[in-house]
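Residue strings, one per chain:
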Amino acid sequence: MTIATDAPEKADHTPSQDDGRSTPVAFLQRHGRAIGLPIIVFAMAVFFSIESNVFLSLSNFRNIGVSAAALAAVSFGQTFAILTAGLDLSVGATVAFVSIVGALVMRDHGVLAGLVASLTAGAGVGLVNGIVITRFKVFPFIATLAMMSVVSGLALSLSGGVAVTGVPEAFSSLAYTRIVGVPIPTVIALSVLVVCIVTLRYTKLGRRIYAIGGNEEAARLSGIAIGAVKIAAYVLSGLCAAVGSLILTARVASGQPSLGATLPLESVAAVVLGGVSLFGGRGSVVGVAFGVLFISILSNGLNLLNVPSYTQMMVIGGALILAVSLDQTFIDSRVGKRS
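Here the residue numbers are simple positions, counted from 1 along each chain's written sequence. Owing to the predicted nature of the model, reporting of local features is limited to residues with pLDDT of at least 70; listing and counting of side-chain atom pairs is limited to 80 or more, with chain, interface and lining totals taken over all residues. Working from all heavy atoms in the structure, the side-chain values ignore hydrogens and water.

**Remarks on the pattern of salt bridges**
For side chains of opposite charge, pairing can occur when their charged atoms come near one another. One side-chain nitrogen of Lys or Arg within 4 Å of one carboxyl oxygen of Asp or Glu is enough to make a salt bridge. Evaluated as defined, the whole model comprises four salt bridges. Of the charged contacts in the structure, one is a salt bridge between Arg220 and Glu216, with a shortest N-O distance of 3.3 Å. Residue Arg220 and its partner Glu216 are located together in helix α10 (residues 216-221), separated by four residues, close to a single helical turn. Think of it in three bands: residues with accessible area under 20% of the maximum for their type are buried, residues over 50% are exposed, and the middle band is partly exposed, with areas taken using a 1.4 Å probe on protein chains only. Under the relative-accessibility criterion, Arg220 is labelled partly exposed at 39%. The salt bridge partner of Arg220 is Glu217, with a shortest N-O separation of 2.9 Å. You can see Arg220 and its partner Glu217 sitting in helix α10, three residues apart, about one turn around the helix. Judged by relative accessible area, which is 43%, Glu217 ranks as partly exposed. Each of Glu216, Glu217, Arg220 and Lys230 takes part in a single network of salt bridges with overlapping partners. Every helix listed is a DSSP run of H or I at least four residues long, and every strand listed is a run of E at least two residues long, numbered separately from the N terminus.

Written out as structure tokens, the structure reads:
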């Protein structure tokens, strides 16, 4: 028995039964979310450019790129977990834990050792998540929520609850260094995006992640090692969280045990706003990049308009509810047609 393992975008191109009678409606059902978010992001940019003279400045665009870099890396990793119909709520705690581990190792053994330790720590958290979910059959929400508590405790224990200083300047200066005018954090985030695109579109692992999220039982019957693929997805999520942690640690020039507290909500919001289904098996990491842009541009624009930060959190939360509602409506409409 075989199953289709291509990215769900291809599956979305299957003509519906009433395409001939309602082509515009069918087109919007298939592509509405893919084209809608870029249009909204563009509209927001136009609005903020009218309301603020600073928004269109080169320095502000650089600020947006730097502030979005860590969220982008974490969100790209979150995408792997959600595509398997899972969730990784431990990404924020992983960022804090990796920040402490990296700062401690860099202070005593140099930047290279710190980078290796940071990536290993992030992958290790993802590995434990994957094992708990697959071998012990713990629901991803519960497993990663519990891991969030465990890893947060580890970060506080290692740091004694205070910031770890003494990070080498060669590392912290990377946050403000530019390559051809582009800040290095932005370059790193774009590099992670390219790697994730290649992984999901052109590798067996990517096709199997989509297959498991689309229909886990069919994937199992076709011979896919469900457990191994899910573990790999959570390891990738942990690795991307570690990259995001390195970006943030360089910006604050110290290891912070409270770093990344808002990233679980923001990363899930970016992924869902980007069109990735919480039910798994459908979505694109390119869409997630637009989800990150939506959150980052919205936050930046509201800051320029002196809107309080707690109001921004309300707006992001409301956008997440709206995105999930639209996703559920999309699923229900398709199930109704098939039945």
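**Section: the side chain of Ser159**
Summarising the element assignment, Ser159 is placed in helix α6 (residues 140-159). One polar contact links the side chain of Ser159 to the main-chain carbonyl oxygen of Ala155, over a distance of 2.9 Å. At a separation of 3.2 Å, a polar atom in the side chain of Ser159 contacts the main-chain amide nitrogen of Gly161. In this structure, Ser159 is in contact with Ile100, Val164 and Pro257, ignoring residues within four places of it in sequence. In protein, a polar contact means a hydrogen-donor-capable atom and an acceptor-capable atom, both N or O and within 3.5 Å, with residues adjacent in sequence counting only if both atoms are side-chain atoms; elsewhere, any N or O pair within 3.5 Å suffices. In this analysis, two residues are considered to be in contact whenever any of their non-hydrogen atoms come within 4.5 Å of each other.

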